[in-house]
Amino acid sequence: MNDYYCEIPNIFNVKYISDICKTIVTDEWLNSTDIGGLANFTDVYPIAVEDHPYLQVLRDNFPKLFPYVKVLKNSEPTWPVHVDNHRRVSITIPVANTGPNKLTTFHEGGETAPYIEGYFGNDWGTWYTNEYLEYVVNSTPAIEYAIQDTPVLINTSKPHGVLNKEANKVDPNPRLIATWGYEDTYENALRDFNANVPG
């Protein structure tokens, strides 16, 4: 059984959701640093599910879905390994410029840390654990996954990071994904979505 991710086709209308997401992504957002995109756009401009009938129908059918969807932009090489603090599971939906070289990297082991020093994208700094994530150090890489066309259930309680192999300093075609939190464990989410778990 794969404890990290599972593709979930035939539930989410990818084009509809990606079109909603694209309406809020500005040139300023696309040209921001990855950390700037998170702080100034992702966390400031969530998409309210109740404002979109299709999204609300999905949430009515799967009431553990969060009442908002967020958009993440990645154009820089790496994001530090972390676990999510505000959710244990997310549904990741492709929006633009996904592909085999833009990866979520899952890890095993390690220890959580109150802060780390290093790069977050192209920004060097001291990064502190916060309401959204807790950093993990001394972990071991386990498996990589590249979202392409199909939504995927992500076990965000597992240590994970981002690796963009198309970025030197900046990828001119930033990966955009929608992320929709789910209020339950990964195992229960698999059952809820009747997901076929990859080996």
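Reference entry: report on the structure contained in this document. Bear in mind that the values here come from a model prediction, so they are computed numbers and not experimental data. (Residues numbered from 1 in each chain as written. Predicted model: local features only at pLDDT ≥ 70, side-chain atom pairs only at ≥ 80, totals over all residues. Heavy atoms only, no water.)

### Thoughts on the pairing of strand S14 (residues 175-182)
With respect to burial, S14 is a largely interior element, eight of its eight residues being buried. Residues of S14 alternate between two faces, with Arg 175, Ile 177, Thr 179 and Gly 181 on one and Leu 176, Ala 178, Trp 180 and Tyr 182 on the opposite face, all of them buried. Pairing geometry for strand S5 (residues 89-96) and S14, over seven bridges, is antiparallel. Pairing of Val 89 across the sheet is with Tyr 182, part of S14. (Buried < 20%, exposed > 50% of the residue type's maximum accessible area, 1.4 Å probe, protein only. Helix = DSSP H or I, 4+ residues; strand = E, 2+ residues; numbered from the N terminus. Pairing = 2+ DSSP bridges.)

### Comments concerning the packing of aromatic side chains
The geometry of two aromatic rings is summed up by the distance between their centres and the angle between their planes. On inspection of all chains with the given rule, the structure shows 15 aromatic pairs. An angle of 15° between the planes, with centres 5.2 Å apart, marks the rings of Trp 29 and Phe 41 as stacked. Taken together, the residues span a long stretch of sequence, with Trp 29 in helix H2 (residues 27-30) and Phe 41 in helix H3 (residues 34-42) at a distance of 12 residues. This pair shows no difference in class: Trp 29 is buried, exactly as Phe 41 is. Centre to centre, the rings of Phe 120 and Trp 127 are 5.7 Å apart; their planes meet at 65°, and the pair counts as edge-to-face. (Phe/Tyr/Trp six-rings, centres within 6.5 Å; stacked < 30°, edge-to-face > 60°.)

### A look at the pairing of strand S10 (residues 133-137)
Sheet topology note: the strand S4 (residues 78-84)/S10 ladder contains three bridges and is antiparallel. Bridge pairing links Asp 84 to Leu 133 in S10. Relative to S10, strand S7 (residues 111-113) runs antiparallel, the two being bridged by three bridges. Note on S10: the bridge partner recorded for Ala 113 is Tyr 135.

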